[in-house]
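Now for the letters of each chain:
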Amino acid sequence: MNAFPPPYTAADVVVGALRTHGCAVLAPSTLAALCDVDIAALERWRAGWDDLPPDAYLRDGGRYRRRRHGCFVQHGDTLVQVPHRAHWQSEDYNALHGGMHRWFEPLEPTLAFDPAWTRLVTGLGRVFAQVRDDGDWHVEAHQFRIDTTDGIGRPTPEGAHRDGVDFVAVLLVGRHGIKGGETRVFEADGPAGQRFTLTEPWAALLLDDHRMIHESTPIQPAAAAGHRDTLVLTYRAGAFQGED
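Residues numbered from 1 in each chain as written. Predicted model: local features only at pLDDT ≥ 70, side-chain atom pairs only at ≥ 80, totals over all residues. Heavy atoms only, no water.

Undergrad: Could you give an account of the overall build of the protein chain, naming the residues involved and the relevant values?
TA: Per the secondary structure count, the protein chain includes five helices and 12 strands. Viewed in the frame of its principal axes, the protein chain has a C-alpha envelope of about 45 × 40 × 40 Å. When burial is assessed residue by residue, the protein chain has 53% of its 244 residues classed as buried. If you take every contact in the protein chain between residues at least 6 apart in sequence, the share linking residues at least 24 apart comes to 79%. (Helix = DSSP H or I, 4+ residues; strand = E, 2+ residues; numbered from the N terminus. Buried < 20%, exposed > 50% of the residue type's maximum accessible area, 1.4 Å probe, protein only. Contact = heavy atoms within 4.5 Å.)

Undergrad: Quick one: what's the story with the sheet that holds strand E4 (residues 137-147), residue by residue and with numbers?
TA: Across the sheet, seven strands lie side by side as E1-E9-E5-E12-E4-E2-E3; this open sheet has antiparallel pairing. Each edge of the open sheet carries a strand with a single partner, namely strand E1 (23-26) and strand E3 (78-81). Sheet twist, expressed as the mean angle between neighbouring strand axes with direction ignored, is 20 degrees. With four bridges connecting them, E1 and strand E9 (residues 204-208) associate as antiparallel partners. Paired with Val25 across the strands is Leu205, a residue of E9. Across the sheet, helix H1 (residues 14-21) touches E1 and E9, and the angle it forms with E1 is around 145 degrees. The sheet contacts of helix H2 (residues 28-35) involve E1, strand E5 (167-176) and E9, and relative to E1 the element is tilted by about 105 degrees. (Pairing = 2+ DSSP bridges. Axes fitted to C-alpha atoms, helices over the stretch in contact; angles between N-to-C directions.)

Undergrad: Account for the sheet that holds strand E7 (residues 183-187), with residues named and values stated.
TA: Sheet architecture is open: three strands sit in the order E8-E7-E10, paired in antiparallel fashion. Looking at strand neighbours, the two that pair on one side only are strand E8 (193-196) and strand E10 (212-216), the edges of this open sheet. If you compare each strand with its neighbour and ignore which way they point, the axes differ by 15 degrees on average.

Undergrad: How would you summarise the environment of Thr30 if you had to cite specific residues and measurements?
TA: For Thr30, the location among the structural elements is in helix H2. Owing to a relative accessible area of 9%, Thr30 belongs among the buried residues under this scheme. Sequence spacing of Thr30 and Gln241 is 211 residues, and the spatial spacing of their C-alpha atoms is 30 Å. Setting aside chain neighbours within four positions, we find Thr30 in contact with Thr9, Ala11 and Val14.

Undergrad: If you had to explain the pattern of salt bridges to someone new, which residues and values would you point to?
TA: Per the stated rule, a full pass over the model turns up 14 salt bridges. The salt bridge partner of Arg65 is Asp55, with a shortest N-O separation of 2.8 Å. Taken together, the residues Arg65 in strand E2 (residues 65-75) and Asp55 in the loop between helix H3 (39-43) and E2 connect sequence positions 10 residues apart. Accessibility classification places Arg65 together with Asp55 in one group, the buried group. As a salt-bridge pair, Arg68 and Glu108 come within 3.3 Å of each other at their nearest N and O atoms. In this pair, Arg68 is assigned in strand E2 and Glu108 in the loop between E3 and helix H4 (109-112), connecting sequence segments 40 residues apart. Overlapping salt bridges bring together Arg132, Asp134, Asp166 and Asp208 as one network. (Salt bridge = Lys/Arg side-chain N within 4 Å of Asp/Glu carboxyl O.)

Undergrad: Please provide a residue-by-residue account of empty space enclosed by the protein, values included.
TA: The rolling of a water-molecule-sized probe over the atoms marks out the regions of remaining empty space. With the rule as written, the count across this model stands at two cavities of 30 Å³ or more. Looking at the largest cavity, it is lined by 27 residues, and the ones nearest its centre are Phe144, Thr156, Glu158, His161 and Val232. Looking at the lining of the largest cavity, the elements that each hand over two or more residues are E2, E4, E5, E10 and strand E12 (227-237). The element best represented in the lining of the largest cavity is E12, accounting for four residues. (1 Å grid on protein atoms, 1.4 Å probe; cavity = no way out; pocket = protein on both sides within 12 Å on 5 of 7 lines; lining within 4 Å. Points joined across faces, edges and corners; volume = space filled by probe spheres on them.)

None of the figures reported here should be taken as evidence of function without further support.
And the structure:
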């Protein structure tokens with residue numbers, strides 16, 4: 001039983017919720033409508049999460065995270081993939097893994113060049129531009145699988161954090177054989193917060209990273225080994241982190 005169901009935001013007030021509250025939670029149908037994409041098209045990507053390489057940069061010594069990474073620039077409805085580059089964050093935003101260039105394996109071309117991928121990424125970018133439009137979006141895409149190989153998996157080993165970008169979208173791809181993985185969102189400069197668990201594939205959390213701090217609680221196996229798959233998209237105006 002889900003004690004804290006997602007507080008889904010209606011499609012016609014998503015932009016207003018981001019402006020007012022700094023976050024919005026999308027049901028799969030709302031994500032599909034905002035981005036003009038069929039959920040069936042997104043479902044065809046799910047097998048790709050079964051082929052993610054291990055994350056070799058975990059400083060806590062864990063073996064619970066697998067991932068791929070890709071970078072794009074969005075100008076209007078145009079999305080261009082840039083040459084593969086390292087993921088970098090400052091220690092101000094990631095005390096555990098900040099300050100180092102992490103070279104993850106790239107996204108598979110079948111994902112990065114799928115027309116549905118362009119519609120999804122640019123559709124979310126258009127939503128964010130209605131909240132704050134500072135120019136072209138520099139988008140980083142992260143495929144994550146957190147598993148229970150070690151008995152526990154940590155979706156956010158760095159703890160509650162901001163990402164050092166303008167906006168963040170966290171899409172649940174799927175959950176299998178786990179408990180936990182609760183999403184927690186807090187105001188960076190205020191007392192308000194909320195907690196809930198995303199359980200529907202392609203439900204999404206949208207965040208104004210200037211205003212909100214977020215984390216996901218650890219996962220544990222419900223029976224045999226399990227996992228939690230997500231797609232995280234970050235949007236930053238002007239440059240990728242480390243370029244400016």
